[in-house]
Amino acid sequence: MIIYTGVVKNGTVQVGSQPLNGPNADVTTWSTPPALPTGHGPACGVAIADHGNTLQVEAITTDGTVYRTFCSFATGSTPVDCVTGNPGWTLISAQPARLRSGAPPFGAEARLRSGSAERRSITVAWEPYVRRTS
């Protein structure tokens, strides 16, 4: 079993793989996909998911634009690879609804209220970190 970790550090996306057993157990190896296209803010959030035989990585920028790229799965002896054969980032055709000022900055939290402010509220947090086991 391998744990995949996606992080955003200084606006750059990195994907890590950590085997849970074997000679490299508990050691995370990092791979950095190509840079996001210019014209939008830097990345502020990341998501990773299994997609067939590859690892799908999505990033949202500080202006609320979402991009997708793919990385190769790690094996027992080979770490995740987001560089070899990577075609770069693709703009997702159906973009999410934007907040008035785009996505909030790192670690920002927005409180959304519905109905009576005293009765109900939903907290939405944008996180520059995600982990997934595969």
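Residues numbered from 1 in each chain as written. Predicted model: local features only at pLDDT ≥ 70, side-chain atom pairs only at ≥ 80, totals over all residues. Heavy atoms only, no water.

*Asks:* Explain the pattern of salt bridges residue by residue, including any values.
*Replies:* What the rule picks out here adds up to one salt bridge. Salt-bridge contacts for R68 lead to E58; the nearest nitrogen and oxygen are separated by 3.2 Å. Placement of the pair is R68 in strand β6 (residues 66-72) and E58 in strand β5 (residues 54-61), with a sequence separation of 10 residues. A relative accessible area of 28% means that R68 is categorised as partly exposed. (Salt bridge = Lys/Arg side-chain N within 4 Å of Asp/Glu carboxyl O. Helix = DSSP H or I, 4+ residues; strand = E, 2+ residues; numbered from the N terminus. Buried < 20%, exposed > 50% of the residue type's maximum accessible area, 1.4 Å probe, protein only.)

*Asks:* With reference to specific residues and values, describe the confidence of the model for the chain.
*Replies:* Residues of the chain with pLDDT of at least 70 account for 71%, and the chain-wide mean is 76. Ranking the helices and strands of the chain by mean pLDDT puts strand β3 (residues 29-31) first, with 94, and strand β9 (residues 121-125) last, with 39. Contacts from residues 104-126, a stretch scored under 50 in pLDDT, to residues over four places away or in other chains number 30 contacts. (pLDDT = per-residue confidence, 0-100. Contact = heavy atoms within 4.5 Å.)

*Asks:* Describe the state of the cysteines, with residues and values.
*Replies:* With the rule as written, the count across this model stands at one disulfide. The side chain of C71 participates in a disulfide bridge whose partner is C82; the two sulfur atoms lie 2.0 Å from each other. Looking along the S-S bond of the C71-C82 disulfide, the torsion reads about 105°, which is the right-handed sense. Of the two residues, C71 is situated in strand β6 and C82 in the loop between β6 and β7 (90-91); the sequence distance between them amounts to 11 residues. The same class applies to C71 as to C82, namely buried. (Disulfide = S-S within 2.5 Å.)

*Asks:* Summarise the environment of Y4; cite the residues concerned and give the values.
*Replies:* Its place among the elements puts Y4 in strand β1 (residues 2-9). Y4 sits in the buried class, given a relative accessible area of 2%. For Y4 and F73, which are 69 residues apart along the polypeptide, the C-alpha to C-alpha distance reads 9.1 Å. Within the structure, the side chain of Y4 is placed 2.9 Å from the backbone nitrogen of A74, a separation counted as a polar contact. (Polar contact = N/O pair within 3.5 Å; in protein donor to acceptor, adjacent residues only side chain to side chain.)

*Asks:* Explain the pairing of β6 residue by residue, including any values.
*Replies:* Here seven bridges tie β5 to β6, and the two strands are oriented antiparallel to one another. Opposite I60, over in β6, you have V66 as the bridge partner. Here β5 hands over to β6 after four residues, with G64 in that stretch at a positive phi of 90°. Taken together, the two bridges between β6 and β7 define a ladder with antiparallel strand orientation. Residue pairing for β7: Y67 is matched across the bridge by L91. (Pairing = 2+ DSSP bridges.)

*Asks:* How would you sum up the nonpolar core? Please name residues and give values.
*Replies:* Counting 18 residues, the largest nonpolar core has Y4, V13, V15, V57, C71, V80 and W89 as its most contacted members. Mapped onto this core, the elements with two or more residues apiece are β1, β2 (12-19), β4 (43-51), β5 and β6. Those residues in contact with V80 that sit more than four places away from it in its chain are Y4, V15, G16, S17, T29, S31, L55, C71, S72, F73 and A74. (Core = buried A, V, L, I, M, F, W, Y, C linked by side-chain atoms within 4.5 Å.)

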